[in-house]
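Below are the chains, spelled out letter by letter.
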Amino acid sequence: MQKTTIAILGAGAWGVALANLATANGHQVRLWSRRGGQTLQTVLQNAQILLSAISMQGVREVASQVQSFPLSPTTIFVTATKGLDPQTTLTPSQIWQTAFPHHPVVVLSGPNLSKEIEQSLPAATVVASQNQAAAELVQMVFSSPCFRVYTNPDPIGVELGGTLKNIMAIAAGVCDGLHLGTNAKAALVTRGLTEIIRIGRSWGANTETFYGLSGLGDLLATCNSPLSRNYQVGYQMASGKTLTEVLADLPGTAEGVNTCRVLLRHAQHHSITVPITEQVYRLLQGEITPRQALEELMLRDIKPEYN
Ligand SMILES: NC(=O)c1ccc[n+]([C@@H]2O[C@H](COP(=O)([O-])OP(=O)(O)OC[C@H]3O[C@@H](n4cnc5c(N)ncnc54)[C@H](OP(=O)(O)O)[C@@H]3O)[C@@H](O)[C@H]2O)c1
Ligand SMILES: O=P(O)(O)OC[C@H](O)CO
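Residues numbered from 1 in each chain as written. Chains lettered and ligands numbered in written order. Predicted model: local features only at pLDDT ≥ 70, side-chain atom pairs only at ≥ 80, totals over all residues. Heavy atoms only, no water.

- Naming follows an unreviewed UniProt entry, where the protein appears as Glycerol-3-phosphate dehydrogenase [NAD(P)+] of Chrysosporum bergii ANA360D.
- What UniProt records for the protein under Subcellular location (unreviewed entry) is the sentence "Cytoplasm".
- Entered under Pathway (unreviewed entry) in the UniProt record, the comment concerning the protein runs "Membrane lipid metabolism; glycerophospholipid metabolism." (UniProt positions renumbered as here; feature names shortened; annotations may be inferred.)

## Brief notes about the side chain of histidine 266
- For histidine 266, the location among the structural elements is in helix α12 (residues 256–269).
- Its relative accessible area of 9% is what places histidine 266 among the buried residues.
- Beyond its immediate sequence surroundings of up to four residues, histidine 266 is in contact with Ser202, Trp203 and Ile272. (Helix = DSSP H or I, 4+ residues; strand = E, 2+ residues; numbered from the N terminus. Buried < 20%, exposed > 50% of the residue type's maximum accessible area, 1.4 Å probe, protein only. Contact = heavy atoms within 4.5 Å.)

## Considering the site of ligand 2
- Taken together, Lys82, Gly110, Pro111, Asn112, Leu113, Lys165, Asp218, Thr222, Leu227, Ser228, Arg229 and Asn230 make up all the residues around ligand 2.
- At 3.1 Å from an oxygen atom of ligand 2 is found a main-chain nitrogen or oxygen belonging to glycine 110.
- For ligand 2, whose free accessible area comes to 300 Å², the fraction covered by protein is 91%.
- If you list the elements that add at least two residues to the shell around ligand 2, you get α9 (213–223) and α10 (229–238).
- Class assignment for the residues of the shell around ligand 2 results in three nonpolar, five polar and four charged. (Near = heavy atom within 4 Å. Polar contact = N/O pair within 3.5 Å; in protein donor to acceptor, adjacent residues only side chain to side chain. Areas by Shrake-Rupley, 256 points an atom, 1.4 Å probe, with all protein chains shown as cover. Nonpolar A, V, L, I, M, F, W, Y, C, P; charged D, E, K, R; others polar.)

## Description of helix α3 (residues 56–66)
- Within the sequence span of α3, burial applies to Met56, Gly58, Val59, Val62, Ala63 and Val66. Projected down its long axis, α3 shows its buried positions confined to an angular sector of 135 degrees, all on one face.
- On its buried face, α3 sits against β1 (5–9), β2 (28–32), α2 (40–44), β3 (49–52), α4 (92–99) and α12. (Arc of directions from axis to C-beta.)

Pasting the structure below:
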């Protein structure tokens, strides 16, 4: 295929892993981060694809910085961030689309623990956009024998799957940290998916998307792997550490901590029932212990499985 010039913003674990995948396919990749040597303007020059792998806390600020530089009108934006903006509750793709209304925006999300991808272990992901041609170009750029990329027409569903599973991964870490067993874990992850779908539908996402790689797939990966930073938050809190102690030693970003706070506000505002998110929030706030969170979930009013 034709070689593409790609600017990757964010040189953390995920930005570097994605840069390596595109470079291995022969594309010209420039990486930018606050600590790097190159200016944002240099990195953006002639970029056909601009991929953001910035943590949620920096997305709005970086999007506004990018607005001050000239870009080709055909530049495709790709967002790989899994979070929600605390001030606006916008998703990263909504932030990029608002800043660049005339450019195609593609969401890249899936069960993608970067440490495994860096070892060239097989993995799959999803690129989702309302612009099919843009999604297909991004699919070509990153596809390889060890990284299988699917397209999807539901960007908000794909994005929310990756974002909301982080809260469930914190809960799954608690579940494993308390040694609650396989039945408990299966119940938690399954009810977690129900909660994710309930929230996702209120955002206009398709239910079907949450049964795919970016929903169930990422939920399974993150809830079952000690490589997940979000899982580690829950696991270590169940072992008696405070959130501050866990975050002090955590390598990289655990987006679920911030997402949980933002989501709870959104759920309360829209009257959406989010029992797992609520208990994770209270645990992160230090209001309850992991055992109390478990009791709260087990002692809720009994009800039909679906309603
Ligand atoms: N790691 C994974 O396995 C993985 C997989 C899929 C998706 N993701 C998602 O990708 C995003 C990044 O994750 P990561 O693992 O790469 O995190 P990370 O290793 O902590 O790196 C975060 C990156 O964001 C940058 N950043 C943070 N705040 C910023 C700000 N205010 N302005 C500019 N840049 C800022 C950091 O820059 P500095 O280096 O200058 O601090 C760094 O380059 C997260 O949303 C995560 O959920 C991660
Ligand atoms: O390390 P985590 O918990 O941010 O998870 C990384 C990816 O989102 C897994 O797909």
